[in-house]
Amino acid sequence: MRDVPHKARSAAMRKARGSELLVSIVRDKYLYFMLIPFVLYYAIFYYMPFQGLRLAFMDYKPFLGMAGSKWVGFDNFAEFFNGPYFTRIIRNTLLISLYNMIFSFPVPIILAILFNELRNRKFRVFVQTISYMPHFISTVVIAGLVVNFLSPSTGIVNILLEKMGFDSVYFLTKPEYFRIIFVIQGIWATAGFSSIIYFSSLMSIDSSQYEAAMIDGAGRFKQILHVTLPGLLPTIGIMLLLGIGNIMNIGYEMIILLYQPITYETADVVGSFVYRLGIQNADYSMSTAVGLFNGIISLVLVLTANRISKKISEVSIM
Amino acid sequence: MNRTKGEKIFGWFNIILMLMIMLVTLYPLYYVVIASFSDPVAVSTGKVTILPSGFALDSFNKVVHMENLWKSYGNTVFYSVAGTIISLALTILGAYPLSKKRLKGRKLITFFVLVTMWFSAGMMPTYQNFQNLGLLDTRIGVLLCFAIDSFNVILLRTFFENVPDSMEESAKVDGANDWTILTRIYLPLSVPALATITMYYFVGRWNSYFWSMLLLKDQDLVPLQVLLKKLIVEVSYNVNEAVDMSASVMTEQTIVYATIVIAVLPMLILYPFIQKFFVKGIMVGAIKG
């Protein structure tokens, strides 16, 4: 082998590696056949749309088509940043996310701890099962419940308010109520189901830790404080980071069912704005630009959250 | 076990709290049900809060005779069943090869699958893609729209990875190819995971409205949720704008509630049976980290 010139040797190795690849492809040919529809699906439905991101840098006119429309560089972005809606939708998006963090985020954690404190297993499983139920009800139906219950003339909420001597309020036309309505429906719809992840990590806490705490004379409260909560901390941390990664992604599918022009001031978020621009106003270019801007911010947030998560807990959320 | 007085009080307090949580969760649904078959005038004057008042099936009678409602119901059944089959097939065909560590190119493909969980082209490019493919206003468009959920691919791939390699090796010795190994060994072993994924896809399809709304203009093709948006969300806004308390507005309200009952009934019947699969899926996801 020593006599073989260097070049020829590496060529031989490359050849060997090449044929090794060929052998493995032939060996796994069925696996590759299986992958064909799967890969095609991702290519056509997830990756082909990316070429449409061109729209963000064009002044797209549907009747001119992609080829006939003008390129405008970053004009759409500049227009968006300087436009009247930029601050409004960013503010609303961040505020609703903040409200969610403060009001919605702790609820499933508290629920999981309280479930865990129930002595009667059958009762516990029953309550848990009931609490998951709203998760199976569609966005449209939940929106229907909200809209009808809050109706000023025939809704149960206003009927009860009037009975108690208050004036009826058309809540969904009052900008000041929108965010809190949105957050409350969100808690009702998701808290029970979200408690599962915390409850399952409670279950994995070593019972010897509780025994040790008991021997040290810790009562139930101290056990919650010194065993349960620390045991939950990694999960809470991961969920918090996931939440931060999703700050820019508010459930706009619900928003567009609940908001009205009169409440856009407090209700319009990035997602609903993208929808209104693109689908209702057929402003493809502007809508794509705003969506792209939001997508990049979200990606940066997620990647940062993931990096932090890896560093502190050695658990990757990806 | 010895419990201090404080702990006992807390125990009772907790049970009361749980009962309240159940009440808050169930009352909206309970109210819809009792209102739907109560006397419309009683409902809109606030006589119905805890118990139904009067007994009128008029609202249901009207709903049952809404032809478009049943058409959209049929569409939803079709989209949910056919769509779930397509989704499941595609997910299996992806997850199985990607679970094989020996497969060349596995990492690259997995990377492309993962990317879609964090970054997508966005609403308009995706919409335009469907337009370019000629899939607007077609059933096949709805079926293919977000047919694969990357999260489910990863879930199933992880499950397949945990099947011991010796199963595959011994089948290979017996001359089985990858296709038979998948269908004869892996799929039967993965029934719990497959059931979970099936439920995810099915419930997701049944309850989704957004992309069907975007893709379909033809009212004969729309699924239930898209029609419901018109019947229970938008109608109510119109009702709200009409300040007069005419009889028609009052009946309208109970019709809306009856429509909601008919729309959520199948899911509420199925839910006790399918919820455990969801719980299991969350647990698997949680262990994966």
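The structure displayed is predicted, hence computed values, not measured ones.

Draft legend 1. Here's a closer look at the domain arrangement of chain A. All names here are of chain A. When cut into domains, chain A gives domain 1 (6–60) and domain 2 (75–313). The straight-line distance from the C-alpha centre of domain 1 to that of domain 2 is 39 Å. Counting residues at the interface gives 8 residues for domain 1 and 7 residues for domain 2. Considering only the surface of domain 1 that becomes buried against domain 2, Leu55, Ala56 and Tyr60 emerge as the three largest contributors, covering 63% of it.

Draft legend 2. Layout of the UniProt feature "transmembrane region" (unreviewed entry) in chain A. UniProt tags residues 30–48, 94–115, 136–160, 180–203, 224–244 and 284–303 of chain A as "transmembrane region" (unreviewed entry). Spanning residues 94–115 of chain A, this segment combines 95% helix with 0% strand, and its end C-alpha atoms are found 31 Å apart.

Draft legend 3. Layout of the environment of lysine 47 of chain B. Residues and elements named next belong to chain B. Of note, lysine 47 is situated in the loop between helix 2 (40–44) and helix 3 (58–64). Look at lysine 47 and you get exposed, because its relative accessible area is 57%. In this structure lysine 47 touches Ala42 and Ser53, once residues within four positions along its chain are discounted.

Draft legend 4. Expanded view of the nonpolar core. Judged by nonpolar contacts, the single largest core of 154 residues is most densely connected at Phe210 and Ile232 of chain B. One finds Ala213, Ala218 and Ile224 of chain A together with Phe10 of chain B within the second-largest nonpolar core, a separate group that totals 26 residues.

Draft legend 5. Focus on the interface of chain A and chain B. Taken together, the contact pairs 99 residues of chain A with 103 residues of chain B. It is Met34, Phe38 and Phe136 of chain A that lose the most area in chain A upon contact with chain B, and together they represent 8% of the buried surface on that side. Run the count over chain A and chain B and you get 23 residue pairs in polar contact (both at pLDDT 80 or more). The dominant element in the side of chain A that touches chain B, judged by the number of residues it contributes, is helix 2 (residues 29–47) of chain A, at 14 residues. Per-class residue counts for the side of chain A that touches chain B are 70 nonpolar, 21 polar and 8 charged.

Draft legend 6. A look at the pattern of salt bridges. Residue and element names in this part refer to chain A. By the definition in use, this model includes 16 salt bridges over all chains. Note that aspartate 268 is salt-bridged to arginine 276, the shortest N-O span being 2.7 Å. Judged by relative accessible area, which is 0%, aspartate 268 ranks as buried. The buried category is assigned to arginine 276, whose relative accessible area is 11%.

Draft legend 7. Highlighting the UniProt feature "domain: ABC transmembrane type-1" (unreviewed entry) in chain A. Under the present numbering, the feature "domain: ABC transmembrane type-1" (unreviewed entry) in UniProt falls on residues 90–305 of chain A. Split by type, residues 90–305 of chain A is 77% helix and 0% strand. Its first and last C-alpha atoms lie 20 Å apart.

Draft legend 8. Spatial organisation of the packing of aromatic side chains. A complete count under the given rule lists 50 aromatic pairs over all chains for this structure. For the ring pair tyrosine 60 of chain A and tyrosine 284 of chain A, a centre distance of 5.2 Å and an interplane angle of 45 degrees mean the geometry is tilted. Taken together, the residues span a long stretch of sequence, with tyrosine 60 of chain A in the loop between strand 1 (58–59) and helix 3 (65–68) and tyrosine 284 of chain A in helix 16 (residues 284–313) at a distance of 224 residues. By relative accessible area, tyrosine 284 of chain A is classed as buried at 7%. Residues tryptophan 70 of chain B and tyrosine 73 of chain B carry aromatic rings whose centres are separated by 5.3 Å and whose planes lie at 25 degrees to one another, so their mutual orientation is stacked. Of the two residues, tryptophan 70 of chain B and tyrosine 73 of chain B are both situated in helix 4 (residues 67–98); the distance of 3 residues between them amounts to about one turn of the helix. For tryptophan 70 of chain B, a relative accessible area of 38% corresponds to the partly exposed category. An aromatic cluster of at least three residues, connected via ring pairs, comprises Phe38, Tyr41, Tyr42, Phe45, Tyr46, Tyr252 and Tyr275 of chain A together with Phe130, Phe146, Tyr209, Phe210 and Trp211 of chain B.

Draft legend 9. Focus on helix 12 (residues 220–245) of chain A. In this model helix 12 of chain A runs 35 Å from its N-terminal to its C-terminal C-alpha over 26 residues, within 8% of the 38 Å that 1.5 Å per residue would give. Of all the positions in helix 12 of chain A, only Arg220, Gln223, Ile224, Val227, Thr228, Leu232, Thr235, Ile236, Ile238, Leu241 and Gly245 of chain A are classed as buried.

Draft legend 10. Quick peek at a nonpolar patch on the surface. A contiguous nonpolar surface patch, about 520 Å² in accessible area, is contributed by Tyr30, Phe33, Ile36 and Leu40 of chain A together with Trp179 of chain B. A per-element tally of the nonpolar patch places helix 2 of chain A first, with 4 residues. Within the secondary structure, leucine 40 of chain A sits in helix 2. Overall, leucine 40 of chain A belongs to the partly exposed group, its relative accessible area being 47%.

Draft legend 11. Inspection of the layout of surface pockets at higher detail. Of the volumes computed, that of the second largest pocket is approximately 890 Å³. Looking at the second largest pocket, it is lined by 31 residues, and the ones nearest its centre are Ile184, Gln185 and Trp188 of chain A together with Val24 and Pro28 of chain B. In terms of residue count, the dominant contributor to the lining of the second largest pocket is helix 10 (residues 175–203) of chain A (9 residues).

Draft legend 12. Representation of the side chain of serine 44 of chain B within the structure. Residues and elements named next belong to chain B. Mapped onto the elements, serine 44 comes out in helix 2. Given the relative accessible area of 4%, serine 44 is considered buried. A polar contact of 3.0 Å, which involves the side chain of serine 44, links it to the backbone oxygen of proline 40.

Draft legend 13. A look at the side chain of serine 69 of chain A. Residues and elements named next belong to chain A. Of note, serine 69 is situated in the loop between helix 3 and strand 2 (70–71). Engagement of the side chain of serine 69 in a polar contact is seen with the backbone nitrogen of lysine 61, the distance being 3.0 Å. A polar side-chain atom of serine 69 sits 2.7 Å from the main-chain carbonyl oxygen of glycine 65. Dropping the residues within four chain positions of it, serine 69 is found in contact with Met58, Asp59, Tyr60, Lys61 and Leu64.

Conventions and cut-offs
Residues numbered from 1 in each chain as written. Chains lettered and ligands numbered in written order. Predicted model: local features only at pLDDT ≥ 70, side-chain atom pairs only at ≥ 80, totals over all residues. Heavy atoms only, no water. Domains from an automatic or database assignment. Contact = heavy atoms within 4.5 Å. Buried area = accessible area lost by both parts, 1.4 Å probe. UniProt positions renumbered as here; feature names shortened; annotations may be inferred. Helix = DSSP H or I, 4+ residues; strand = E, 2+ residues; numbered from the N terminus. Buried < 20%, exposed > 50% of the residue type's maximum accessible area, 1.4 Å probe, protein only. Core = buried A, V, L, I, M, F, W, Y, C linked by side-chain atoms within 4.5 Å. Polar contact = N/O pair within 3.5 Å; in protein donor to acceptor, adjacent residues only side chain to side chain. Nonpolar A, V, L, I, M, F, W, Y, C, P; charged D, E, K, R; others polar. Salt bridge = Lys/Arg side-chain N within 4 Å of Asp/Glu carboxyl O. Phe/Tyr/Trp six-rings, centres within 6.5 Å; stacked < 30°, edge-to-face > 60°. Expected span 1.5 Å × (residues − 1). Patch = residues over 30% accessible without salt bridge, like charges linked within 9 Å, V, L, I, M, F, W, Y side chains within 5 Å. Areas by Shrake-Rupley, 256 points an atom, 1.4 Å probe, with all protein chains shown as cover. 1 Å grid on protein atoms, 1.4 Å probe; cavity = no way out; pocket = protein on both sides within 12 Å on 5 of 7 lines; lining within 4 Å. Points joined across faces, edges and corners; volume = space filled by probe spheres on them.

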